[in-house]
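Listed here are the chains, written in short residue letters.
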Amino acid sequence: MTATIPSEAPLTSTAAAGTAAVSTVATGSPDPGAAATGITLPSPVLRIPPAAPAHAAAFFAARLTYQTDVSDVHASMESGAPGFVLLDSRAASGWDQGHVPGALHLPTADIPARAATLLDPAIPVITYCWGPGCNGATRAALALAQLGYQVKEMIGGIEYWIREGFPLETPTGRDHRAPDPLTAPANSLTCAC
């Protein structure tokens, strides 16, 4: 099935606008109707154009204000003076399976009742949960922010901590697994970004 473009459609073709000489449909095959008329469709990636550089800079700076990643958390924890408290927001069953060494265990549901006795409001908190498919760290970060704490979320959670090959604290001691070759950088255990 190919896309058809009415001849009166006011489409233009410029490389800067992300158009291709021949448009393609979802199957990846050329659209003969577009090629025959000289009309091109924008790249699926650029149908909505990128933001202006100033807007993009503000957006990406905001993301880094709210999030950090496992490699940066690991490097900071290894330094011995991370400057933050790492908080595992999972239930006790998850914590007992394995957690980041040096993390504080405070399940999200317990934050309103226990945060003031465990956390110093002057020290930023980094939250984590299971992984990208879980919003527990986000909910924990929200609960802490509502209580007045400076907070960031560790994206990837314990899943990506493990995939990077970083150590876990378990009931039987430290566990250090090999990095996942599908997610860890080829020549390093940490992101060289």
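Residues numbered from 1 in each chain as written. Predicted model: local features only at pLDDT ≥ 70, side-chain atom pairs only at ≥ 80, totals over all residues. Heavy atoms only, no water.

## A closer look at the overall build of the protein
Here comes step 1: Helices and strands together make up the secondary structure of the protein, namely seven helices and seven strands.
Here comes step 2: Traced from its N-terminal end to its C-terminal end, the protein shows the element sequence α-α-β-α-β-α-β-α-β-α-β-α-β-β.
Here comes step 3: Relative to all contacts within the protein whose residues are 6 or more apart in sequence, the contacts with residues 24 or more apart total 59%. (Helix = DSSP H or I, 4+ residues; strand = E, 2+ residues; numbered from the N terminus. Contact = heavy atoms within 4.5 Å.)

## Notes on the environment of Leu 87
Here comes step 1: If you trace the backbone, Leu 87 turns up in strand β2 (residues 85-88).
Here comes step 2: Remark: the alpha-carbon pair of Leu 87 and Pro 107, spanning 20 residues in sequence, is separated by 8.7 Å.
Here comes step 3: Those residues in contact with Leu 87 that lie beyond four places of it in its chain are Leu 104, Leu 106, Leu 119, Val 125, Ile 126, Thr 127, Tyr 128 and Leu 144.

## Digging into the pairing of β2
Here comes step 1: Pairing between β2 and strand β4 (residues 125-128): four bridges, direction parallel. From the neighbouring strand, Asp 88 faces β4, where its bridge partner is Tyr 128.
Here comes step 2: The pairing of β2 with strand β3 (residues 104-105) spans two bridges and is classified as parallel. Note that in β3 the partner of Leu 87 across the bridge is Leu 104.
Here comes step 3: With respect to chirality, the unit in which β2 leads through helix α4 (residues 92-97) into the neighbouring parallel β3 is right-handed. (Pairing = 2+ DSSP bridges. Right-handed = clockwise from strand over helix to strand, strands pointing away.)

## Brief notes about the side chain of Thr 127
Here comes step 1: The residue Thr 127 is located in strand β4 in this model.
Here comes step 2: You can call Thr 127 buried: its relative accessible area is 0%.
Here comes step 3: One polar contact links the side chain of Thr 127 to the main-chain carbonyl oxygen of Ala 137, over a distance of 3.0 Å.
Here comes step 4: Ignoring anything within four residues of it in the chain, the contact list for Thr 127 reads Leu 87, Ala 137, Ala 140, Ala 141, Leu 144, Val 151, Lys 152, Glu 153 and Met 154. (Buried < 20%, exposed > 50% of the residue type's maximum accessible area, 1.4 Å probe, protein only. Polar contact = N/O pair within 3.5 Å; in protein donor to acceptor, adjacent residues only side chain to side chain.)

## Let's talk about the state of the cysteines
Here comes step 1: The tally for this structure, following the rule as stated, stands at zero disulfides.
Here comes step 2: Unpaired in this structure, Cys 129 has its nearest cysteine sulfur neighbour in Cys 134, at a distance of 3.2 Å. (Disulfide = S-S within 2.5 Å.)

## Re the pattern of salt bridges
Here comes step 1: A complete count under the given rule lists four salt bridges for this structure.
Here comes step 2: Between Arg 90 and Asp 88 there is a salt bridge whose closest N-O contact spans 2.7 Å.
Here comes step 3: What makes Arg 90 buried here is its relative accessible area of 2%. (Salt bridge = Lys/Arg side-chain N within 4 Å of Asp/Glu carboxyl O.)

## A look at the packing of aromatic side chains
Here comes step 1: Taken as a whole, this structure holds two aromatic pairs when the rule is applied.
Here comes step 2: Sitting over the ring of Trp 130, Arg 90 keeps its end group 4.7 Å from the ring centre.
Here comes step 3: Its guanidinium or amino end placed over the ring of Tyr 160, Arg 163 lies 5.0 Å from that ring's centre, counting from NZ or CZ. (Phe/Tyr/Trp six-rings, centres within 6.5 Å; stacked < 30°, edge-to-face > 60°. Lys NZ or Arg CZ within 6 Å of the ring centre and 35° of its normal.)

## What about the confidence of the model for the protein?
Here comes step 1: Of all residues in the protein, 74% have pLDDT values of 70 or greater, and the mean over the chain is 82.
Here comes step 2: Segment residues 1-30 is flagged for pLDDT under 50; beyond a separation of four residues in sequence, or across chains, it makes 44 contacts in the model.
Here comes step 3: Within the model, pLDDT remains below 50 along residues 186-193, and this stretch shows nine contacts once partners closer than five positions in the same chain are excluded. (pLDDT = per-residue confidence, 0-100.)

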